[in-house]
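# Observations on chain architecture
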Amino acid sequence: MKRKYVPDLKRQQAVGEGNYMRLLKLLPDLDHCDQREFQLVHDGHRALVRLQVEERFTYTTTVLVSHQYENVSEWLDAPRLVVRLYHDARIAEVICMRRRQLSGVYPYPNRQMHQPDEKAQLNTYLHEWLSHCLAHGQLLEEVFAE
C-alpha cells in the first residue's frame, strides 16, 4: 500500500526563512530597487539571473525570479518563479511557476504530472539558485524606482 505524502513543515519553514534572507542579501534596498540582474559564468557558459519586483505592499512583496542561459536552444525553457516575501513572518515562498498557481500538495498520479511535493521542490530549487547567485554572481544591472 502506497503511503500518502505528508509535508515536512519544519523543513519548509526553514527553507522559506533561508530564501527570505538570501533575497534580502541580493536585494538589500528592496523598497527602492525594482530589478537586479546577476551574471553567472562557469566553464565558458553564461547564465543571467533576474530578480524583478512586481508588487510591493505593507506586509508582502512579490518578486519574479527568472534565469536564462546564453547560447542555448530556445526549446530549453528555464523556469520563471513568482516568489512572495512575507515580511511579518520573514519567509519567502514560490507561489507560481510560469504564472500557474501552485498547490501545497498534489494527488499522485495527476493529469498535469505534478509531483506530490512539487512546491517544496521548487522552494529548494529557489534556495539553490539564490545561494549560487550569492556565491558566484556578478551584479550587472540595477533598476531603481523613481
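Since the model is a prediction, treat every value here as computed from it, not as a measurement.

## Digging into the overall build of the chain
- Each helix and strand in the chain was counted, giving 2 helices and 7 strands.
- In the chain, the succession of α and β elements from N to C terminus is α-β-β-β-β-β-β-α-β.
- By residue count, 39% of the 146 residues in the chain fall in the buried class.
- Roughly 9,700 Å² of accessible area belongs to the chain as shown, and the carbon and sulfur atoms make up 51% of that amount.

## Focus: the environment of C33
- Looking at the element boundaries, C33 is found in strand 1 (residues 33-42).
- Setting aside anything within four residues of it in sequence, one finds C33 in contact with L27, V53, R56, V143 and F144.

## Quick notes on helix 2 (residues 118-136)
- In this model helix 2 runs 27 Å from its N-terminal to its C-terminal C-alpha over 19 residues, within 8% of the 27 Å that 1.5 Å per residue would give.
- Taken together, the buried positions of helix 2 are E118, K119, A120, L122, N123, T124, L126, W129, L130 and C133.
- Where the residues of helix 2 are buried, they touch helix 1 (9-26), strand 1, strand 2 (45-56), strand 3 (60-69), strand 4 (80-86) and strand 5 (91-97).

## Some points on the environment of L81
- Tracing the backbone through its elements, the reader meets L81 in strand 4.
- A relative accessible area of 3% places L81 in the buried class.
- Along the chain, L81 and V94 lie 13 residues apart, while their C-alpha atoms are 6.3 Å from each other.

## As for the pairing of strand 4
- Across 7 bridges, strand 3 lies against strand 4 in antiparallel orientation. What sits directly across from S66, in strand 4, is R80.
- In the sheet, strand 4 pairs with strand 5 via 6 bridges, with the strands oriented antiparallel. Looking at the pairing, R84 lines up with E93 of strand 5.
- A loop of 4 residues connects strand 4 with strand 5, the two strands running antiparallel in sequence, and R90 in this loop sits at a positive phi of about 55°.

## Description of the packing of aromatic side chains
- With the rule as written, the count across this model stands at 1 aromatic pair.
- Pairing Y125 with W129 gives two aromatic rings, centres 6.5 Å apart and planes at 75°, and the pair type is edge-to-face. Pair noted here: Y125 and W129 are both in helix 2, with a separation of 4 residues, about one helical turn.
- Since its relative accessible area comes to 13%, W129 is described here as buried.

## What about the pattern of salt bridges?
- Inspection of the entire model under this criterion finds 5 salt bridges.
- Residue E37 is joined to R50 by a salt bridge in which the shortest nitrogen-to-oxygen separation is 2.5 Å. Taken as a pair, E37 in strand 1 and R50 in strand 2 lie far apart in primary sequence, 13 residues in all.
- Its relative accessible area of 8% is what places E37 among the buried residues.
- With its nearest N and O atoms 3.4 Å apart, the salt bridge here joins E93 to K119. Residue E93 is located in strand 5, and its partner K119 is located in helix 2; the two are separated by 26 residues in the primary sequence.
- Under the relative-accessibility criterion, K119 is labelled buried at 15%.

What counts and what doesn't
Residue positions within a chain follow its written sequence, with the count starting from 1. Local features in this predicted model are restricted to residues whose pLDDT is 70 or higher, and side-chain atom pairs enter the listing and the counts only when it is 80 or higher, whereas totals over whole chains, interfaces and linings include all residues. Side-chain numbers come from the whole structure's heavy atoms, not from hydrogens or water. In this description a helix means any DSSP run of H or I spanning at least four residues, a strand means any run of E spanning at least two, and both kinds are numbered starting from the N terminus. Relative accessible area decides the class of each residue, using a 1.4 Å probe on protein chains only: under 20% of the type maximum gives buried, over 50% gives exposed, and in between gives partly exposed. Using a 1.4 Å probe, the Shrake-Rupley method yields the accessible areas, and only the shown protein chains count as cover for residues. Contacts: residue pairs with any heavy atoms within 4.5 Å of one another. To estimate how far a helix should reach, multiply one less than its number of residues by 1.5 Å. A strand pair is defined by DSSP finding two or more bridges across the two strands. For Phe, Tyr and Trp, where Trp contributes only its six-membered ring, two rings pair if their centres lie within 6.5 Å, and the inter-plane angle classes them as stacked under 30 degrees, edge-to-face over 60, or tilted in between. Each salt bridge in this description consists of a side-chain nitrogen of Lys or Arg and a carboxyl oxygen of Asp or Glu lying within 4 Å of one another.

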